[in-house]
Amino acid sequence: MKKILIIGAVGQIGSELTLKMREIYGNDNVVASTRKTEPTQKIKESGPFEFFDVMDKQRFNEVCEKYKIDYIINMAAILSAVGEKNPMLAWDVNMNGLINVLELAREKNMKQVLIPSSIAVFGPETPQVNTPQETILRPTTMYGVTKVAGELLGDYYVRRFGLDVRGLRYPGIISHETLPGGGTTDYAVAIYYEAIKEKKYTCFVKEDTRLPMMYMPDCLKSTIDLFEADFNKLKHHSDFNVGAMSFSVAEMADSIRKYIPDFEISYEPDFRQAIADSWPDSVDDSAAREEWGWSPDYDLDAMTKDMLEQLEKKLK
Ligand code: AKB
């Protein structure tokens with residue numbers, strides 16, 4: 001049986017991934033960890049949980065020994081907006097944390113490391129529409145710089161040490177369980193919360209800002225499908241484009257108005273506009289489709305319907 005450690009298990013994706021993987025691989029086989037944020041009762045009660053800082057290699061090693069970990073999923077990261085406020089923190093967590101994960105996995109002959117990347121690897125010189133798998137990677141954020149370096153390091157460990165490292169470039173992820181923290185695409189979550197609470201939302205990017213996005217069920221599916229993929233069939237490793245949908249903020253507002261006709265939106269762009277403008281509108285994910293069968297389930301309207309239904313129950 002696989003023994004899986006999820007680092008960053010209290011964040012937006014980590015919290016849902018932990019519960020989903022416990023369902024699939026057995027509660028005791030999925031260890032959740034975080035640096036200091038208190039986990040939810042669901043995470044604490046459904047399986048093993050450890051507090052540790054990925055920068056503390058000795059303690060990290062102790063946790064891996066204790067549970068005989070042979071698979072690591074590293075969800076810990078400082079995202080784009082917080083990373084621009086504190087670039088050195090982003091470098092420290094995203095790079096020094098990552099190198100500890102890769103080194104420990106190499107030293108302990110682990111079976112697999114999965115490290116998410118992001119559309120933040122792209123920059124203003126990258127083709128914006130249907131962005132190819134292989135293209136110009138010149139990001140303008142520290143988060144993007146660390147994600148490009150992470151992809152290169154992951155592929156280096158595959159080539160140089162034969163370690164099985166995998167990663168996918170997440171678009172903006174939309175979900176209703178745990179709020180995202182510090183990203184540029186956070187508006188695409190906040191808009192639904194505010195639609196239910198206030199029937200209005202002031203967006204920090206302009207109405208025609210269009211980005212690739214994905215609903216959480218597809219995010220979990222893509223992560224677990226890549227985790228399960230046959231290594232011998234992979235031609236790429238740490239950098240798979242994964243697409244699901246692509247829409248502007250105005251199109252999101254129209255989709256919400258199908259369910260909340262008097263929803264109002266206004267715009268006050270801030271520093272995150274420049275970050276959003278440097279990222280693609282949509283991505284070409286044919287490598288993920290060919291190499292491990294990627295195919296998303298949700299489009300904008302299906303996601304809007306489900307988000308509003310779930311948040312209605314949660315917030316009212
Ligand atoms: C962010 O906005 O920083 C993240 C991402 C696209 O990786 N959600």
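Higher on the page you've got the structure.
Everything quoted here is computed from the prediction, not taken from an experiment.

Draft legend 1. Layout of the environment of N109. With respect to the helices, strands and loops of the structure, N109 is situated in the loop between helix 5 (87-107) and strand 5 (112-114). Residue N109 is classed as exposed on the basis of its relative accessible area, which comes to 68%.

Draft legend 2. Examining the site of the ligand more closely. Taken together, L79, S80, S118, I119, Y143, G183, T184, T185 and W279 make up the full set of residues adjacent to the ligand. Take Y143: an N or O atom from its side chain is 2.7 Å from an oxygen atom of the ligand. Its free accessible area being 260 Å², the ligand has 93% of it covered by the protein chains. Among the residues making up the shell around the ligand, the classes are represented as four nonpolar, five polar and no charged. Taken domain by domain, the shell around the ligand gets at least three of its residues from each of domain 1 (4-171 + 215-241) and domain 2 (173-213 + 245-315).

Draft legend 3. Highlighting the packing of aromatic side chains. Enumeration according to the criterion identifies 11 aromatic pairs in this entry. When the centroid spacing of 5.2 Å and the interplanar angle of 20° are considered together, the rings of F52 and F60 count as stacked. The exposure classification of F52 matches that of F60, with both residues buried. Relative to Y157, the ring of Y156 lies with its centre 6.0 Å away and its plane at 75°, an arrangement referred to as edge-to-face. A relative accessible area of 36% means that Y156 is categorised as partly exposed. Among the aromatic side chains, those forming a connected cluster through ring pairs are Y25, Y71 and F227. Across the ring face of F161, the terminal group of R106 is positioned such that the distance to the ring centre comes to 5.0 Å. A cation over an aromatic ring shows up here: R272 above the ring of F204, its NZ or CZ 3.4 Å from the ring centre.

Draft legend 4. Inspection of the nonpolar core at higher detail. Counting 40 residues, the largest nonpolar core has I174, Y187, I191, Y192, F263 and M303 as the members making the most contacts within it. Tallying contributions element by element places helix 7 (residues 187-197) first for this core, with eight residues. Two domains each put at least three residues into this core: domain 1 (4-171 + 215-241) and domain 2 (173-213 + 245-315). Setting aside its immediate chain neighbours within four residues, I191 contacts Y201, V249, M252, I256, F263 and I265. Within the second largest apolar cluster, 34 residues are counted, among which are I13, A32, F240 and W292.

Draft legend 5. Here's a closer look at the layout of surface pockets. Of the volumes computed, that of the second largest pocket is approximately 250 Å³. Lining of the second largest pocket is provided by 15 residues; of these, E16, L19, K42, H176 and E177 occupy positions nearest its centre. Listing elements by their share of the lining of the second largest pocket, those giving two or more residues are helix 1 (12-25), helix 2 (41-46) and helix 8 (216-228). Residues of the lining of the second largest pocket, tallied by class, amount to six nonpolar, five polar and four charged.

Draft legend 6. Just empty space enclosed by the protein, in detail. Following the criterion strictly, the structure yields one cavity of 30 Å³ or more and no others. Approximately 120 Å³ is the volume found for the largest cavity. Considering the residues around the largest cavity, the lining is formed by 14 residues, among which L98, I115, P116, K147 and G150 are closest to the centre. At the level of elements, helix 5, helix 6 (142-161) and strand 7 (165-166) are the ones that each hand at least two residues to the lining of the largest cavity. The element that contributes the greatest number of residues to the lining of the largest cavity is helix 6, accounting for four residues. Here the lining of the largest cavity is built from residues that sort into five nonpolar, six polar and three charged.

The rules behind these values
- Residues numbered from 1 in each chain as written.
- Predicted model: local features only at pLDDT ≥ 70, side-chain atom pairs only at ≥ 80, totals over all residues.
- Heavy atoms only, no water.
- Helix = DSSP H or I, 4+ residues; strand = E, 2+ residues; numbered from the N terminus.
- Buried < 20%, exposed > 50% of the residue type's maximum accessible area, 1.4 Å probe, protein only.
- Near = heavy atom within 4 Å.
- Polar contact = N/O pair within 3.5 Å; in protein donor to acceptor, adjacent residues only side chain to side chain.
- Areas by Shrake-Rupley, 256 points an atom, 1.4 Å probe, with all protein chains shown as cover.
- Nonpolar A, V, L, I, M, F, W, Y, C, P; charged D, E, K, R; others polar.
- Domains from an automatic or database assignment.
- Phe/Tyr/Trp six-rings, centres within 6.5 Å; stacked < 30°, edge-to-face > 60°.
- Lys NZ or Arg CZ within 6 Å of the ring centre and 35° of its normal.
- Core = buried A, V, L, I, M, F, W, Y, C linked by side-chain atoms within 4.5 Å.
- Contact = heavy atoms within 4.5 Å.
- 1 Å grid on protein atoms, 1.4 Å probe; cavity = no way out; pocket = protein on both sides within 12 Å on 5 of 7 lines; lining within 4 Å.
- Points joined across faces, edges and corners; volume = space filled by probe spheres on them.

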